[in-house]
Amino acid sequence: MKTNPKTRRGFTLVELLVVIVIIAALAGLTAPMVIRQRKKADQTEAVSNARQIGIAMFEFETAYGTFPDSDTATTVKENTGTELDLDGSTANDYFRQIIAAEISQSETMFYAKTAFSKKPDNVFNSSDNALEKGEVGFGYIMNGENGFSTAGNPSRPIAVAPLAYPFEPGKFDTELYDSKAVILALDNSVKSVQIMKQSQRAQLGGGKTLLATGDDTVWGDSVEPVIVNPDPK
């Protein structure tokens, strides 16, 4: 007795379109959540690395009297005989002193995700590759041309991310960390503060922006806070 084989019916065009629409709708719903989680992860990494920078800066101050500047660069060279290039005017140059002083054995803590940075390769045996272009994501804050020390107001920022690129004094990237700026202070506290989207300035509280000076600010009126930019990739 013959039996008719069962015929297999494929998807119709309408059914296929319905499936595609459903997948697209689900992707549209989940994409913002995925993007936000990615931004949060990048922010968390920056916070963790900033704390490591703070610890290293304390050790550096204990050894050299202040945080890195041109004067400490000379002393580090004399004390260590390093061949690393410590002269310059970028955050990479100043942070490189911490590596030359053998306080840090890794470039990783100087990384923060930005539009101008890249993951460090942790190769720093010569001036050509120690904290090379793009391997620093934090801006370094100085008092004019001088390094700060822990003798100042403990709330004063000393390292910040993510800076806007191309660089403009005091401006931050509002897209990377969900409109938050990561700020390392003198007391080694790290906080995430709101960036005003229109002005791209970071708010420190009381309506004051990061570089605002005066009697009612963390800087007072006797210092000149300057953000030293990293060397972009």
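Residues numbered from 1 in each chain as written. Predicted model: local features only at pLDDT ≥ 70, side-chain atom pairs only at ≥ 80, totals over all residues. Heavy atoms only, no water.

Engineer: Give me the pairing of strand 2 (residues 157-161): which residues, what numbers.
Structural biologist: Consecutive residues of a regular strand have side chains that alternate between opposite faces of the sheet. With respect to burial, strand 2 is a largely interior element, five of its five residues being buried. Pairing of strand 1 (residues 139-143) with strand 2, which is carried by two bridges, proceeds in the antiparallel orientation. Of the residues in strand 2, the one forming a bridge with Y140 is A159. (Buried < 20%, exposed > 50% of the residue type's maximum accessible area, 1.4 Å probe, protein only. Helix = DSSP H or I, 4+ residues; strand = E, 2+ residues; numbered from the N terminus. Pairing = 2+ DSSP bridges.)

Engineer: Which residues make up the side chain of D42, and what values do they have?
Structural biologist: Among the secondary structure elements, D42 is positioned in helix 1 (residues 13-64). You can call D42 buried: its relative accessible area is 5%. Polar contacts involving the side chain of D42 include one to the side chain of R38, which spans 2.9 Å. The contact partners of D42, leaving out residues within four places of it in the chain, are K113 and Y177. (Polar contact = N/O pair within 3.5 Å; in protein donor to acceptor, adjacent residues only side chain to side chain. Contact = heavy atoms within 4.5 Å.)

Engineer: Tell me about the nonpolar core, and please be specific about residues and values.
Structural biologist: Counting 55 residues, the largest nonpolar core has F95, F110, F138 and Y140 as its most contacted members. If you list the elements that add at least two residues to this core, you get helix 1, helix 2 (70-80), helix 3 (91-100), strand 1, strand 2, strand 3 (180-185), strand 4 (190-194) and strand 7 (225-228). For this core, the element with the highest residue contribution is helix 1, accounting for eight residues. Leaving out residues up to four positions away in the same chain, F95 has contacts with I53, M57, F110, L131, V136, F138 and Y140. (Core = buried A, V, L, I, M, F, W, Y, C linked by side-chain atoms within 4.5 Å.)

Engineer: I'd like a rundown of the packing of aromatic side chains, residues and numbers included.
Structural biologist: The final tally for this structure, using the stated rule, is eight aromatic pairs. Considering the side-chain rings of Y165 and F167, the 5.1 Å spacing of their centres and the 75° angle between planes classify their relative orientation as edge-to-face. Feature note: the residues Y94, F95, F110 and Y140 constitute an aromatic cluster, connected by ring pairs. (Phe/Tyr/Trp six-rings, centres within 6.5 Å; stacked < 30°, edge-to-face > 60°.)

Engineer: Summarise unusual backbone geometry; cite the residues concerned and give the values.
Structural biologist: Omega for the peptide link from A161 to P162 comes to -5°, which places this bond in the cis form. By the element assignment, P162 lies in the loop between strand 2 and strand 3. Across the junction of Y165 and P166, the peptide omega takes the value 0°, indicating a cis bond. Within the element layout of this structure, P166 appears in the loop between strand 2 and strand 3. One non-glycine residue, N122, lies in the positive phi region at around 55°. Relative to the assigned elements, N122 resides in the loop between helix 3 and strand 1.

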